[in-house]
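Listed below are the residues making up each chain.
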Amino acid sequence: MADSHAEDAFVEFDRVQKSYDGENLVVKDLNLSLPKGEFLTMLGPSGSGKTTCLMMLAGFETATHGDIRLDGQPINNIPPHKRGIGMVFQNYALFPHMTIAENLSFPLEVRKMGKAQREAKVKHVLEMVQMGEFGGRRPSQLSGGQQQRVALARALVFEAELVLMDEPLGALDKQLRETMQFEIKRIADNLGITVVYVTHDQTEALTMSDRVAVFEDGRIQQLAPPDQLYESPENSFVAQFIGENNTLEGTVKEIKNGIALVQLDGGGLIDCKPVNVTKAGERTRVSIRPERVEFDKTRLHADAHTLKAEVLEFIYMGDIFRTRLRVAGKEDFIIKSRNAPDQVRLEPGSEIEIGWLAEDCRALDA
Amino acid sequence: MARFTFPLTYPRTVMTSAPDTALSGKVLAADGTPLKRSLNRALRRQKLRALALIAPLLIFVLVTFIAPIGDMLFRSVENQIVPDNLPETIMRLESWDANGNEMPGEDVFEGMYVDLALAAEKKVHTRVGSRLNYEESGMSSLFRKTGRKVSRFETDAYEDALRALDPIWKEPATFADLFQNAEVAAALPFAARTWKRWSTFVTEEGDDPRTQKLEPYLSAALYYDLRDNDVPASAPAHLKAADALAAEITPVALIPEFLDAEEDWADAGNWRVIQTYAGNYTNGYFLNSIDMMKGVDGAEMRPENERLYITLFVRTMIMSLVITGSCILLGYPVAWILANLPARTANMLMILVLLPFWTSLLVRTSAWKIMLQQQGVVNDTLVWLGIVANDGRLALINNQTGTIIAMTHILLPFMILPLYSVMQTISPTYLRAAKSLGANNWTAFWRVYFPQSVPGIGAGSILVFILSIGYYITPELVGGTKGVFISNRIAFHISSSLNWGLAAALGAILLAVVLLLYWAYDKVVGIDNVKLGG
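Everything numeric here is computed off the predicted structure, so don't read it as measured data.

What should I look at first to understand the overall build of chain B in this one?
Counting its secondary structure elements, chain B contains 26 helices and two strands. If you line up chain B on its principal axes, its C-alpha atoms span 120 × 95 × 40 Å. Buried positions account for 33% of the 534 residues belonging to chain B. Considering only residue pairs separated by 6 or more positions, chain B has 70% of its internal contacts joining residues 24 or more positions apart.

It is not clear to me how the overall build of chain A should be interpreted in this structure. Could you clarify?
When helices and strands are tallied, chain A shows eight helices and 19 strands. By its C-alpha atoms, chain A is 75 × 45 × 35 Å across when sized along the principal axes. A fraction of 65% describes how many contacts in chain A between residues 6 or more apart in sequence connect residues 24 or more apart.

Please explain the pairing of strand β13 (residues 269–274) of chain A as it appears in this structure.
Regular strands place their side chains on alternate faces of the sheet. Residue and element names in this part refer to chain A. Looking at chain direction, strand β12 (residues 259–264) and β13 are connected through four bridges and run antiparallel. Counterpart to glutamine 263 in the pairing with β13 is leucine 269. Remark: four residues form the turn of the hairpin made by β12 and β13, two consecutive strands paired antiparallel; glycine 267 in that turn has positive phi of roughly 95°. One ladder, built from two bridges, connects β13 with strand β19 (residues 361–364); its direction is parallel. Looking at β19, one finds that proline 274 is bridged to alanine 363.

Any chance you could explain the sheet that holds strand β18 (residues 351–354) of chain A here in plain terms?
Backbone-to-backbone hydrogen bonds join strands into a sheet, with any given pair of strands oriented parallel or antiparallel. All names here are of chain A. The antiparallel open sheet is built from four strands, whose spatial order is β17-β16-β15-β18. Two strands bound the open sheet, and with one partner strand each, they are β17 (330–338) and β18. The mean angle between the axes of side-by-side strands here comes to 45°, regardless of whether they run parallel or antiparallel. The pairing of strand β15 (residues 307–316) with β18 spans four bridges and is classified as antiparallel. From the neighbouring strand, lysine 308 faces β18, where its bridge partner is glutamate 353.

Would you explain the interface of chain A and chain B in this entry?
Much of the literature gives interface size as the accessible area that the parts lose upon coming together. Residue-level contacts link 20 residues of chain A with 15 residues of chain B. Class assignment for the residues of the side of chain A that touches chain B results in 13 nonpolar, five polar and two charged.

Looking at this structure, how should I read the domain arrangement of chain B?
Its domain assignment divides chain B into domain 1 (51–78), domain 2 (85–152 + 254–280), domain 3 (156–246) and domain 4 (309–529). Distance from the C-alpha centre of domain 1 of chain B to the C-alpha centre of domain 2 of chain B: 38 Å.

Quick question: what am I supposed to make of the domain arrangement of chain A here?
Residues and elements named next belong to chain A. The domains assigned to chain A are domain 1 (9–236) and domain 2 (244–364). Between the C-alpha centres of domain 1 and domain 2 there is a distance of 39 Å. Each partner contributes residues to the interface: domain 1 has four residues there, and domain 2 has seven residues. Considered class by class, the residues forming the side of domain 1 that touches domain 2 number one nonpolar, two polar and one charged.

I keep staring at the environment of glutamate 183 of chain B and nothing clicks. Help me out?
Residue and element names in this part refer to chain B. Mapping glutamate 183 onto the fold places it in helix α10 (residues 182–187). Glutamate 183 sits 30 residues away from phenylalanine 153 along the chain, and the two C-alpha atoms are 31 Å apart. Ignoring any residue separated from it by four or fewer positions in sequence, one finds glutamate 183 in contact with Pro232 and Ser234.

Explanation requested: the packing of helix α22 (residues 428–436) of chain B against helix α23 (residues 441–469) of chain B in the structure shown.
Residues and elements named next belong to chain B. Close contact between α22 and α23 brings their axes to 9 Å; oriented N to C, the two are set at 135°. Classified by the interaxial angle, the pair formed by α22 and α23 is oblique. Between α22 and α23 the crossing geometry is right-handed. Together, Tyr430, Leu431, Ala434 and Lys435 of α22 and Ala444, Arg447, Val448 and Tyr449 of α23 make up the contact between the two elements. Grouping the amino acids of the contact of α22 with α23 by side-chain chemistry returns six nonpolar, no polar and two charged.

Is there a simple way to explain unusual backbone geometry in this structure?
Outside of glycine, negative phi angles account for most residues, and trans bonds account for most peptide bonds. One non-glycine residue, aspartate 29 of chain A, adopts positive backbone phi at about 50°. Within the secondary structure layout, aspartate 29 of chain A lies in strand β2 (residues 25–35). Accessibility expressed as a C-beta count within 10 Å gives 14 for aspartate 29 of chain A, which makes it partly exposed. Backbone geometry places leucine 498 of chain B, a non-glycine residue, at a positive phi of 60°. Structurally, leucine 498 of chain B can be placed in the loop between α25 (486–495) and α26 (500–524). On the basis of neighbour count, leucine 498 of chain B is assigned to the partly exposed category, with 13 C-beta atoms found within 10 Å.

Looking at this structure, I do not really get the sheet that holds strand β7 (residues 162–166) of chain A. What am I missing?
Residues and elements named next belong to chain A. Read from one edge to the other, the open sheet built from six strands follows the order β6-β7-β8-β3-β9-β10, with strand pairing classed as mixed. Each edge of the open sheet carries a strand with a single partner, namely β6 (86–88) and β10 (219–224). Sheet twist, expressed as the mean angle between neighbouring strand axes with direction ignored, is 15°. Here β7 pairs with strand β8 (residues 194–199) via five bridges, running parallel. If you follow leucine 162 over to β8, its bridge partner there is threonine 194.

Before we go on, may I ask you to explain the confidence of the model for chain B in this structure?
Note: predicted coordinates in regions of low pLDDT should not be interpreted at a detailed level. Residue and element names in this part refer to chain B. When pLDDT is averaged along chain B, the result is 87; 94% of the residues meet or exceed 70. By mean pLDDT, the top-scoring element of chain B is helix α17 (residues 309–340) (94), and the lowest-scoring one is helix α1 (residues 9–24) (44). Of the regions scoring below 50 in pLDDT, residues 1–23 engages in three contacts with residues more than four places distant in sequence or in other chains. Taken together, the chains of this predicted complex give a pTM of 0.77 and an interface ipTM of 0.82.

Mind showing me how you'd approach α26 of chain B here?
The periodicity of an α-helix, 3.6 residues per turn, causes residues three or four places apart in sequence to face the same way. Residue and element names in this part refer to chain B. Between the first and last C-alpha of α26 there are 35 Å, a value that for 25 residues agrees with the 36 Å anticipated at 1.5 Å per step. Here the buried face of α26 lies against α2 (35–75), α16 (284–289), α17 and α25. Backbone geometry just downstream of α26 places glycine 526 in the positive-phi region, at approximately 95°.

I would appreciate a short explanation of the packing of helix α5 (residues 106–122) of chain B against helix α14 (residues 254–261) of chain B in the present structure.
Axes are the key here: two packed helices are described by the angle between their axes and the distance separating the axes. Residue and element names in this part refer to chain B. Two numbers describe how α5 lies on α14: the axes approach to 9 Å, and their chain directions differ by 60°. When the axes of α5 and α14 are compared, the pair comes out oblique. For α5 against α14, the interelement crossing comes out left-handed. For the pair formed by α5 and α14, the contact residues are Glu106, Phe109, Glu110 and Tyr113 on the first element and Leu254, Ile255 and Phe258 on the second. By residue class, the composition of the contact of α5 with α14 is five nonpolar, no polar and two charged.

What's the story with the nonpolar core in this structure? I'm lost.
Note on soluble globular proteins: their nonpolar side chains tend to be buried together. Core analysis: the biggest nonpolar cluster contains 154 residues, and Ala153, Val163, Leu164 and Ala213 of chain A have the highest contact counts within it. Residue contributions to this core peak at 15 residues, all from helix α21 (residues 400–424) of chain B. Among all residues touching alanine 213 of chain A, those that are not within four sequence positions of it are Leu32, Leu40, Met42, Leu43, Ile220 and Leu223 of chain A. Of all hydrophobic cores here, the second largest spans 53 residues; its members include Leu162, Ala221, Val231 and Trp271 of chain B.

What am I meant to see in the environment of serine 33 of chain A here?
Along the chain, serine 33 of chain A turns up in strand β2. The spatial distance from the C-alpha of serine 33 of chain A to the C-alpha of leucine 70 of chain A is 9.8 Å, given a sequence separation of 37 residues.

What am I meant to see in α25 of chain B here?
Residues and elements named next belong to chain B. Restricting attention to buried positions, one finds in α25 the residues Ile486, Ser487, Arg489, Ile490 and His493. Considered in projection along α25, the buried side chains sweep an arc of 155° and stay on one side of the axis. Buried positions along α25 lie against α17 and α26.

Thresholds, definitions, all that
Sequence order as written defines residue numbering, which begins from 1 separately in each chain. Naming scheme: in the order in which they are written, chains are lettered from A and ligands are numbered from 1. For a predicted model such as this one, the threshold for reporting local features is a pLDDT of at least 70, and the threshold for listing and counting side-chain atom pairs is 80 or more; totals across whole chains, interfaces and linings nevertheless cover every residue. Segments assigned H or I by DSSP are reported as helices when at least four residues long, segments assigned E as strands when at least two residues long, and all are numbered from the N terminus. In this scheme the burial state of a residue depends on its C-beta neighbours within 10 Å: 20 or more other such atoms mean buried, 12 or fewer mean exposed, and anything in between means partly exposed; the C-beta positions come from the backbone. A pair of residues counts as a contact when their C-beta atoms, built from backbone coordinates, are within 7 Å of each other. By this definition, two strands are paired if DSSP reports at least two bridges between them. To define axes, lines are fitted to C-alpha atoms, for helices over the stretch in contact only, and angles between the resulting N-to-C directions are given on a 0 to 180 degree scale. Residues are grouped as follows: nonpolar covers Ala, Val, Leu, Ile, Met, Phe, Trp, Tyr, Cys and Pro; charged covers Asp, Glu, Lys and Arg; every other residue, Gly included, is treated as polar. In this entry, domain limits derive from an automatic or database-based domain assignment. Note on angle classes: values under 35 degrees are labelled roughly parallel, values over 145 roughly antiparallel, values of 65 to 115 roughly perpendicular, and the remainder oblique. The crossing is said to be left-handed when, going from far helix to near helix, the turn is anticlockwise and less than a right angle, and right-handed when the turn is clockwise. The pLDDT score gives, residue by residue, the confidence of the prediction method on a 0 to 100 scale. By definition here, a helix of n residues has an expected span of 1.5 Å times n minus one. Any set of buried Ala, Val, Leu, Ile, Met, Phe, Trp, Tyr and Cys residues joined through C-beta atoms within 7 Å is what this text calls a nonpolar core. As used here, the arc belongs to the directions running from the helix axis to the C-beta atoms.

Here it is as structure tokens:
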């Protein structure tokens, strides 16, 4: 769990709770702090409380309990327009009755900036998002991707140090989304701004963020850099939510030398890394990534435990092969193998033995 | 990201087929007919089917809506009743000097005698009188009373003299045969015209002019012609005899007869009105509608004390604007609240907005009478609160205040509904976005929300303004004399004074004003900026 009292915290949530109806907590005891310049993504399924957190930070929702601090100052009682936080909305929220230039000039006008200065800033920021020649158009005359760039420019034009983004790429097609992910990340790094980014798309979260906070049920389940999140999920929700995962259920038989021996419910013994289990007899859910499963015995430890498996289906996906197996009574066990010249294509119906390195297989909470 | 590249042959096939169509200039369909024609043929059937589907409504609208409006516009210029019934008079009045104060001479009275006698027989003389009475009061009774007496004029002396000369003149057939001779008819134009008008009327009544009892004015017209013109050589003997007799008869002086029946015939003003309204079409109704009148030398303003309509038009415009304005002021916040409440609550409150529609307009207006009168609820409350003194009770009804209050209430839903439906489409994120960009509540509203709601204001304003400019019942009930609209005057002319021509002209002007305002609105705001809903 995150340490809520970092010295260099720029944005800080301190024991924040939020309830809309007085009966259910949407956000339960949120502690989070991020330093200046960090790109933090709040990732989670819908209803997990991530957007509510963002809205509390922006000032559109008030925290039921706890403090939100910006640069050390509590901002609970500061109205949104005085917080100076840039925000990119899900559907861009570009003002339809204004041109692009007027949209960008709006935050500067309300800050009583002179005309010449405004024009220079608008021009600069438009060029930054490569929309220089579109200043005179209306939002409805732009494509989704272009509107997205303008929305980003508008959140940046008044030089906010903190920019919030609420699923900004949700409405774009896949290819454009990938381009924009890169673009947003590049601009954020160049300007050194702090970004809090909300999404339910894990690929987006993994590619863009410095750290990812995985939300579920109003709590942060894990807060970690993308590689840690992917490779060392701390509980079975995170393991399931991030990337593809095979899970097997069983009981811990013994823990020895940092390796847990798990008796699977469907039969078979496997070696795991104990993460949420401490002693023999505990129920556990074992998680292993499809690409870490080996079926070539020569590449495993001689004394490693293996499982019998039957090949049910072989799917050619271009860069990888995806094979579905029946393992320990479950029919949804997936393995992925790289499409290399020497790679074996498994025949459906054939019997194989699978295994893995004990550290790739994590014994999590049941 | 590698892009999929087309095989090279694909663009080549496209290019080889392109020059064919470009050279021939015409694109052909598969069977060789030009593509355009075959497209038109395919679409024509669809269009016809669509037309057949809307035909009932189209016919209904044409018959019940377009046609009455056309008829109204026509009535506002139509004046055929005068030239149709007084042709002889009008012809003779042309040479009369309308600027003098002299009444016309005997010849005009001869024409009027025949016209009036025929009109009296047709029983239309009162309608001619009413028509002229719109322009000059007194004309109605002049025509009515004289029409009653015209049959007792001494002019049957001519008939008696003719019959004494030759009994053949008793026979209607004699007249009929006489005017079949073209030369005779040309030599005796007045008599021929009169015979034609009479025989046409008799035929229309379903009788035979050759057997119908003759009217004395036929003989009178014949006498006037014989007196003034020569009989052609081809005329029958009895006509030649009558021509000889005509020189000897002492004519019956018509002026004393007319003056005896009604002395107002001596008034040159009455004759001037007949002369002014002699045409088939007249702009008189329109001139009347803008407080002008047709004088001898063209249009002129009416005297101050007779002016009415311009004041009414201006008052109607100003009060409609005030009503529209107060509807915006009262309706905007309500629509805002409705649009920002959860759907369930909003629907429930919407019933309250629509509730007035389910109550009779008369009931609602009458309720305002109770509320606003001197001893009414509002005044009582103000007195009780000590805001006004008991002897200083406010006059809230039977004046413009009453009309404005009651009509604002009645027309409010027409403002709220379009506003609400437009506001519903404005996402609340715009306000959030504005605030996140640093705008305070007011700036966010005024710069971001309000401009987007303008189409709703536009639609509501057009609805309310156009409805109120033509409103009638409420001003009639609560407006008193100072709070009535032009529509009340139109209603008066339709149902009380029966001057439909003037009512039609007022209505046409009202229509023109509305269209003009609509056009101006389009120029200023743009009609595509008007939205009734999402």
